[in-house]
Amino acid sequence: MREMAKLGAVAAAVLLAGGCGKQAQPAAGAAGNDGTEVVRIGQASPLTGPIAHLGKDVEQGARLAIDDINAAGVEIGGRKVRFELVSEDDQGDPKMGAQVAQRLVDAGVVGVIGHLNSGTTMPASRLYADAGLPQLSPSATNPDFTRQGFKTTYRLIANDVQQGIALGRFAVDVLKARTVAVVDDRTAYGQGLADEFEKAVRSQGATVVKREFTTNNATDFGAILTSIKAAQPDVVFYGGMDAQAGPMARQMKRLGIHARLLGGDSVQTPEFIRLAGDAADGVYSSACGVPRDRMPGFTDFNTRYKARFNTEVQVYSPYEYDAVHVLVDAMKRAGSTDPKVFLPEIAKTDYHGVTGRVAFDKQGDIRDGAVTFYQVRNGKWEVVSSVGGAKAT
């Protein structure tokens, strides 16, 4: 919330993809000196705070996509077009998410990629819908995002219902859990996924012996874990982000809790392994999407991403990259950069990108959403199994 007036005044001029410093930018849709139309695409994610590594990961995915599209050269409706990224820091906070959304609308973007978290994505979605702007999220999994009746919301990964069912079956069928404890961070993402997981394990005949909650800023889980230890569950499921799951794994090991820790897609990151240290080995997690070696364009994407940003892919940047391309593909097919004209084309998308085929159902959810399970072995996430997607295994 800090320095909101200052941030609001400068945000519309911050075009991160162009790297233009303090130079004034032409208005969206205006022609540059060479007659090229300038089109702004918005992106929002937490760029500061405990999950900034995830927010920067998706921002960089968008930036790489725009670099590639501009390098290839684009004509839409007979005019040359150059894209620019307007990136905003929503801090992973729902109130900030709404404020950021209004700033992006005011900045004249033609569509938004984001937000990262379900808790920021959903309050922002109404503002984009009211403005008639398409919103494509690479990571928000709460099913309500696409159930609000808006014609502007799209999701590029499986939702929490799909993921929760898969997680429940994995816990019972693969991990042979008969008793489970469930912890969530009380966010729209963490609690939503934990609720779906709990329903799924109960339907599979397992018993939930503890249901606890924390916050998405906590680092001390001693009281919760002591209570869970007394219940002796076979599996502890955590619905939340890697920033809490890493310390939780360390504290479980210190307390001598032998239950296996299982997390959702925001746990399956390199950052979790760094935070958990030697407690990471043996931890399981799901991730939305097929394994990276089944993504048709991941190898090339990964090489160029590392070269461009000198860092590892976390989780969602390949989906952010594809989301930008889906947005531009709709403009090309419509022959227009006007959201009123190209928005209907997004529903007709059949795009083959880095992550595979992108096509949406009538609600705006990805078709054939896949879920993959991983375990940390010798300090690295390794694939255990995958369900859904083009080739179920």
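A. Expanded view of the overall build of the protein chain. Across its full length, the protein chain holds twelve helices and 15 strands. The C-alpha atoms of the protein chain give a radius of gyration of 21 Å, which matches the 21 Å a tight globule of 393 residues would have. Principal-axis analysis of the C-alpha atoms places the extent of the protein chain at approximately 70 × 45 × 40 Å. Sequence-distant contacts, at least 24 apart, represent 68% of the contacts inside the protein chain between residues at least 6 apart. Entry remark: accessible area of the protein chain is about 15800 Å², with carbon and sulfur atoms responsible for 49%. Treating the 44 positive side-chain charges of the protein chain as one cloud and the 44 negative ones as another, the clouds have centres 2 Å apart.

B. Fine view of the pattern of salt bridges. Counting across every chain of the model gives 22 salt bridges. Between Glu-84 and Arg-82 there is a salt bridge, with its nearest N and O atoms 2.6 Å apart. What makes Glu-84 buried here is its relative accessible area of 2%. With a shortest N-O distance of 3.5 Å, Lys-340 and Asp-338 are connected by a salt bridge. Relative accessible area serves as the criterion here: at 69%, Lys-340 is assigned to the exposed category. Residues participating in the shared-partner salt-bridge network are Asp-184, Arg-186, Asp-195, Glu-198, Arg-202 and Arg-211.

C. The packing of aromatic side chains, seen in detail. According to the stated counting rule, one finds nine aromatic pairs in the structure shown. Aromatic side chains Tyr-154 and Phe-360 sit 4.9 Å apart centroid to centroid with 55° between the ring planes, which places their arrangement in the tilted category. Taken as a pair, Tyr-154 in strand 6 (residues 153-155) and Phe-360 in the loop between strand 13 (356-358) and strand 14 (371-377) lie far apart in primary sequence, 206 residues in all. In this structure, Tyr-154 and Phe-360 share a single accessibility class: buried. Ring pairing ties together the aromatic residues Phe-298, Phe-301, Tyr-305, Phe-309 and Tyr-321, which thus form one cluster.

D. Fine view of the sheet that holds strand 6. The six strands are arranged 2-3-1-4-5-6 in an open sheet whose pairing can be described as mixed. Looking at strand neighbours, the two that pair on one side only are strand 2 (74-76) and strand 6, the edges of this open sheet. Going from strand to strand, the sheet's axes swing by 35° on average, the running direction of each strand aside. Examined bridge by bridge, strand 1 (residues 37-45) and strand 3 (residues 79-89) share nine bridges and lie parallel to one another. Residue pairing for strand 3: Ser-45 is matched across the bridge by Asp-89. Lying on the sheet, helix 2 (residues 52-72) is in contact with strand 1, strand 2 and strand 3; it crosses strand 3 at an angle near 170°.

E. Summary view of the pairing of strand 14. Within strand 14, six of the seven residues are buried, which leaves the element mostly enclosed by the surrounding structure. Pairing geometry for strand 11 (residues 284-288) and strand 14, over five bridges, is antiparallel. Among the inter-strand pairings, Ala-287 is bridged to a residue of strand 14, identified as Thr-372. Pairing geometry for strand 14 and strand 15 (residues 380-387), over seven bridges, is antiparallel. The residue bridging Phe-373 from the neighbouring strand is Ser-385, located in strand 15. Here strand 14 folds back onto strand 15, and the loop between the two strands holds two residues, one of which, Asn-378, carries a positive phi near 50°.

F. Expanded view of the side chain of Glu-37. Tracing the backbone shows Glu-37 in strand 1. It turns out Glu-37 is buried and unbridged, and the closest side chain with the opposite charge, Arg-79, is 4.1 Å from it. Polar contacts involving the side chain of Glu-37 include one to the side chain of Thr-337, which spans 2.7 Å.

G. View of the environment of Leu-193. Among the secondary structure elements, Leu-193 is positioned in helix 6 (residues 188-203). Apart from the residues lying within four places of it in its own chain, the contact partners of Leu-193 are Asp-160, Gln-163, Gly-164, Leu-167, Phe-237, Gly-264 and Asp-265.

H. Region of interest: the packing of helix 5 (residues 160-174) against helix 6. Where helix 5 meets helix 6, the closest approach of the two axes is 7 Å, and the angle between their N-to-C directions is 50°. As judged from the angle between their axes, helix 5 and helix 6 are oblique. Seen from above, helix 5 lies across helix 6 with right-handed handedness. Touching Asp-160, Val-161, Gln-163, Gly-164, Ile-165, Leu-167, Gly-168, Ala-171 and Val-172 of helix 5 are Tyr-189, Gly-192, Leu-193, Glu-196, Phe-197, Ala-200 and Val-201, all from helix 6.

I. Spotlight on the confidence of the model for the protein chain. Across the protein chain, the average pLDDT comes to 91, with 90% of residues at 70 or higher. Every residue in residues 1-27 is under pLDDT 50, and counting partners more than four places away or in other chains gives 41 contacts.

Conventions we followed
Residues numbered from 1 in each chain as written. Predicted model: local features only at pLDDT ≥ 70, side-chain atom pairs only at ≥ 80, totals over all residues. Heavy atoms only, no water. Helix = DSSP H or I, 4+ residues; strand = E, 2+ residues; numbered from the N terminus. Rg over C-alpha atoms; globule rule 2.2 N^0.38 Å. Contact = heavy atoms within 4.5 Å. Areas by Shrake-Rupley, 256 points an atom, 1.4 Å probe, with all protein chains shown as cover. Lys, Arg positive; Asp, Glu negative; His and termini not counted. Charge placed at Lys NZ, Arg CZ, Asp CG, Glu CD. Salt bridge = Lys/Arg side-chain N within 4 Å of Asp/Glu carboxyl O. Buried < 20%, exposed > 50% of the residue type's maximum accessible area, 1.4 Å probe, protein only. Phe/Tyr/Trp six-rings, centres within 6.5 Å; stacked < 30°, edge-to-face > 60°. Pairing = 2+ DSSP bridges. Axes fitted to C-alpha atoms, helices over the stretch in contact; angles between N-to-C directions. Polar contact = N/O pair within 3.5 Å; in protein donor to acceptor, adjacent residues only side chain to side chain. Parallel < 35°, antiparallel > 145°, perpendicular 65-115°, else oblique. Left-handed = near helix turned anticlockwise from the far one by under 90°. pLDDT = per-residue confidence, 0-100.

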